Amino acid sequence: MINGETLGIVGETGCGKSTFGKSILGVLPPKTQVEGRILFKGRNLARLTEPEIRAIRGKEIALIFQDPMTRLNPLMRVEDHFVEEISAHKSSSRSEARKKAADALGSMGIPESRFRNYPHEFSGGMRQRIMIAMAIVLQPSLLIADEPTTSLDVITEAQILQILEDLKRTYSMSLLLITHNLGIIAEVCDRVAVFYAGKVVELGSVEDIFAHPIHPYTQGLLASVIYLDSRELRSIEGFPPDLLSPPPGCRFHPRCPYAQQVCQETVPPLVEFKPGHFAACLFGEKFL
Amino acid sequence: MLVRGEIPLTTAVTKSLSGPSEFELTVDNLQVYFRVKRSLIQNLFSREKPFVHAVDGVSFNIQQGEIFGLVGESGSGKTTLGRAVVRLLEPTAGRLVLNGRDITHLSESQIRPLRRQMQIIFQDPHASLNPAMTIGQAITHPLKIHGIAKTKTPDEVKSTVLQVMREVGLSPEDQIYSKYPGDLSGGQKQRAAIARALILRPRLIVADEPVAMLDMSIRAKVLQLMLDLRSKYNLAYIFITHDLATAKFLCDRIAIMYIGRIVEIGPSKNIFADPKHPYTKALLQAIPAPDPRKRATKILPKGEVPDAVNPPAGCRFHPRCPAVLTTCGWEGRDFIDYLEERRLNPEKVQRDEEILGPLDEWWARGFQAGRKVGEENPTQLIEHVRSILTEAQPQMNQAVQDVSVRDRQIIVEFHHPDLLGPKEVEGRLVECLLY
């Protein structure tokens, strides 16, 4: 990902997209094994100690979740969340922190008369805006949003997506947007990574992937979206695999209409089929 | 004061599209209110008894073989309406008529035999299946409750259950029969819930967001199953959803709900081809289109769905409506909301604070908003309020009847709204003053 870019992570339940998002900030359950590298401005986040990563969390990389109440403390006034967040990273006075909080909340349309309220006194959309305000108060360079609009209604969802777009432009912040909703990916993202059973099966620009998907899973997923112009119902046969014992070879082969013998034996590498358009399918050329 | 229009049931568009039918359910001006729970202290100090106006005067009709969609956001009352229709809730007012019989206030023992005709499936198949019952037991259960099982041999009962499992695609059915819900995937669990509803051979199934919790790649299959069962048994569905695209695909007619009211109702193809109510238009526009080439800037309604305990006056959508008129129901709290909105503007905040005082000193009651006047010069205060009103939406400004100082209170008073009722517009009913 580069500066100012929005990368979408899309996949169905259990594909590992949330785990992936959490691994970047090291907020997985204790004793989780993380291998490989997460390079952020040249540093490998996977190798940092807890105090080192804590300095990055919130300040350089911020995270917003699907349910704002998992982050907001019900016993704390909204304003105090900000003061705590800010003083964890900067030795600023309480009044300075308050001023920063007021700016962030105000930019999210939360009036000053409500700063001293408790989280339960706000609607779902307002809580999500408070979360976003908290995430951006220290002006991070990367924002990870994990299903930020899933529990919201369509109109509120569209409002929040507009806010995220405006923020990106204002702060030239990068956004990693994790969602199961292909409509959101199409509207907001520059590039998208399609996850299936814990692996990236396709990666490329939204234009390429929506117009010319290469991987059979991406093709099936795009075809099964019901949108206003849909004339028929399509779906993918079978179920996602159990990740305790994933299928050998290509993890999608048991559900793939084009699977051959070799797909059961060989793990397909992520190959660049067109400039910037990668897919992990042994027969990718067939779908170009 | 506003008089709520009743939907005349004789109007062609509320009637179903098909001819004479063996099954007909009529919902006539139905209301379902819930008492808001309050503490003893609150009850001692206030005589007011607040209610959630979950469903507030809704009328429609459904016949066999029809798929009728109830579409709305959370808090629209669509789920409450669905539950009231199968009498899991008792309506507060209005009528439910099933095949000519008034079932609005039948007792549980009177309604139970009628439930064979009307079943319901819920959004979360996991929560609606008892984890301690095998799938076979769960699907057999309705046969026991309705006394059908005891008229048959155990083998006959089991073969009926296996047959319905085959019909909903739960195969291999003899294996799944003895499995527990925890062993099944989400799609399979929803199929089991459908089988359990179907085994009584109902005429109507109320389906409350039946695919919302399922992954995209398996939603289509469950919807296809529902369509197949409709053509096989001439089943009727009330399909409750927030997803307009699915509603468009599935439903013959739809009703768009907003805070307990139907704002637009009619054949799906009319409504989707050319939505009339500003709320319907907003909903359609808000759906993210899965096509990156179709990105467009959206004009969205501001704010969120207001509380149904104290719904807005006049048209309930008026505070958010992009096409609002002077006569739509402007009231005291809209003025307070406007003051609050101004405080977000750093240029206005200081002057407003000086002259109008802190926001929490302002009150709103019905069509009035006001504040106690201290030492200030009343004329100057009135002038300032008038001047900030000219900076507001013109429709709000024009709705103001009077700004005055009476009994040491400054009072902003709005005109009462015009009468609102459903009107027939191009093959559907719309509840909006634009028409």
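Just so we're clear, the structure is a prediction, and the values are computed from it rather than from any experiment.

What counts, and where the lines are drawn
Residues numbered from 1 in each chain as written. Chains lettered and ligands numbered in written order. Predicted model: local features only at pLDDT ≥ 70, side-chain atom pairs only at ≥ 80, totals over all residues. Heavy atoms only, no water. Contact = heavy atoms within 4.5 Å. Buried area = accessible area lost by both parts, 1.4 Å probe. Salt bridge = Lys/Arg side-chain N within 4 Å of Asp/Glu carboxyl O. Polar contact = N/O pair within 3.5 Å; in protein donor to acceptor, adjacent residues only side chain to side chain. Helix = DSSP H or I, 4+ residues; strand = E, 2+ residues; numbered from the N terminus. Pairing = 2+ DSSP bridges. Axes fitted to C-alpha atoms, helices over the stretch in contact; angles between N-to-C directions. Parallel < 35°, antiparallel > 145°, perpendicular 65-115°, else oblique. Nonpolar A, V, L, I, M, F, W, Y, C, P; charged D, E, K, R; others polar. Expected span 1.5 Å × (residues − 1). Buried < 20%, exposed > 50% of the residue type's maximum accessible area, 1.4 Å probe, protein only. Arc of directions from axis to C-beta. pLDDT = per-residue confidence, 0-100. Phe/Tyr/Trp six-rings, centres within 6.5 Å; stacked < 30°, edge-to-face > 60°.

Re the interface of chain B and chain A
- Listed as interface residues are 42 residues of chain B and, on the opposing side, 50 residues of chain A.
- Both faces considered, chain B and chain A share a buried interface measuring about 3,900 Å² in area, 61% of it formed by carbon and sulfur atoms.
- Here chain B and chain A share four salt bridges between them.
- Between Asp229 of chain A and Lys294 of chain B there is a salt bridge, and its shortest N-O distance comes to 3.5 Å.
- Remark: the boundary between chain B and chain A carries 17 residue pairs in polar contact (both at pLDDT 80 or more).
- Looking at which element gives the most residues to the side of chain B that touches chain A, the answer is helix 9 (residues 216-233) of chain B, with eight residues.

Some details on the sheet that holds strand 1 (residues 6-10) of chain A
All names here are of chain A.
- Read across the open sheet, the eight strands follow the order 4-5-6-1-7-8-10-9; overall the sheet is mixed. Strand pairing shows two members of the sheet lacking a second neighbour, strand 4 (61-64) and strand 9 (271-274), which therefore form its edges. Averaged over all adjacent pairs, the angle separating strand axes in this sheet is 20°, with direction ignored.
- Bridging between strand 1 and strand 6 (residues 174-179) involves five bridges; their strand directions are parallel. The residue bridging Thr6 from the neighbouring strand is Leu175, located in strand 6.
- Across the face of the sheet, helix 1 (residues 17-24) comes into contact with strand 1, strand 4, strand 5 (142-146), strand 6 and strand 7 (191-196) while running at roughly 150° to strand 6.

Quick notes on the packing of helix 13 (residues 332-342) of chain B against helix 15 (residues 378-390) of chain B
All names here are of chain B.
- Where helix 13 contacts helix 15, the two axes come as close as 12 Å, and the packing angle between them is 80°. Relative to helix 15, the element helix 13 is oriented roughly perpendicular. On the side of helix 13, the interface is formed by Phe335, Tyr338, Leu339 and Arg342, while helix 15 contributes Val385, Ile388 and Leu389.
- Classifying every residue of the contact of helix 13 with helix 15 gives six nonpolar, no polar and one charged.

Points about helix 15 of chain B
All names here are of chain B.
- Taking 1.5 Å of rise per residue, 13 residues should cover 18 Å, and helix 15 covers 19 Å from first to last C-alpha, within 8% of that figure.
- Listing the buried residues of helix 15 in full gives Leu381, Ile382, His384, Val385, Ile388 and Leu389. The arc enclosing the buried residues of helix 15, seen along the axis, measures out at 160°, which places them on a common side. Looking at helix 15, the residues exposed on the side facing more than 90 degrees away from the buried face are Thr379, Gln380, Glu383 and Thr390.
- Looking at where helix 15 begins, the residue whose side-chain oxygen comes 3.0 Å from the main-chain nitrogen of Thr379 is Asn377.

Focus: unusual backbone geometry
Residues and elements named next belong to chain B.
- Between Ser171 and Pro172 the backbone carries a cis peptide bond, its omega angle lying at 0°.
- Tracing the sequence through the fold places Pro172 in the loop between helix 6 (154-167) and helix 7 (173-176).
- With a phi close to 45°, Asp407 is a non-glycine residue in the positive phi region.
- Here Asp407 shows up in the loop between strand 13 (400-406) and strand 14 (409-414).

Section: the confidence of the model for chain B
Residue and element names in this part refer to chain B.
- In the predicted model, chain B carries a mean pLDDT of 90, and the fraction of residues at 70 or more is 95%.
- Contacts of residues 1-14 to residues separated by more than four positions or lying in other chains number 40 contacts, the stretch itself having pLDDT below 50.
- With a pTM of 0.89, the predicted complex shows an ipTM of 0.86.

A few points about the pattern of salt bridges
- Taken as a whole and judged by the stated rule, the model has 38 salt bridges over all chains.
- Across the pair Lys99 of chain A and Asp103 of chain A runs a salt bridge, and its minimum N-O distance is 3.1 Å. Of this pair, Lys99 of chain A and Asp103 of chain A are both found in helix 4 (residues 94-107), four residues apart, which corresponds to roughly one turn of the helix.
- Close ionic contact of Lys232 of chain B with Glu167 of chain B constitutes a salt bridge, the shortest N to O distance being 3.4 Å. Taken as a pair, Lys232 of chain B in helix 9 and Glu167 of chain B in helix 6 lie far apart in primary sequence, 65 residues in all.
- You can call Lys232 of chain B exposed: its relative accessible area is 54%.

What about the environment of Gln33 of chain A?
Residues and elements named next belong to chain A.
- The residue Gln33 is located in the loop between helix 1 and strand 2 (39-40) in this model.
- The exposure class assigned to Gln33 is exposed, which follows from its relative accessible area of 69%.
- Along the chain, Gln33 and Ser23 lie 10 residues apart, while their C-alpha atoms are 9.9 Å from each other.

Section: the packing of aromatic side chains
Residue and element names in this part refer to chain A.
- Considering all chains together, one arrives at 11 aromatic pairs over all chains under this definition.
- Ring centres of Phe20 and Phe195 lie 5.3 Å apart, and the angle between their planes is 55°; on these two criteria the pair is classed as tilted. Taken as a pair, Phe20 in helix 1 and Phe195 in strand 7 lie far apart in primary sequence, 175 residues in all.
- Residue Phe20 is classed as partly exposed on the basis of its relative accessible area of 31%.

Some thoughts on the environment of Lys144 of chain B
All names here are of chain B.
- If you trace the backbone, Lys144 turns up in helix 5 (residues 135-145).
- Relative accessible area serves as the criterion here: at 56%, Lys144 is assigned to the exposed category.
- Through-space distance from the C-alpha of Lys144 to that of Val157 is 9.7 Å; in sequence the pair is 13 residues apart.

Details of the pairing of strand 7 (residues 204-208) of chain B
All names here are of chain B.
- By the criterion of burial, strand 7 is predominantly enclosed, with five of the five residues buried.
- Residue alternation in strand 7 divides its side chains into two sets, Leu204, Val206 and Asp208 and Ile205 and Ala207, and both sets are buried.
- As paired elements, strand 6 (residues 118-121) and strand 7 share four bridges and run parallel to each other. Each bridged residue has a counterpart across the sheet, and for Gln119 the counterpart in strand 7 is Ile205.
- Two strands pair when backbone bridges link them, and strand 7 and strand 8 (residues 236-241) are joined in this way by five bridges, in the parallel orientation.

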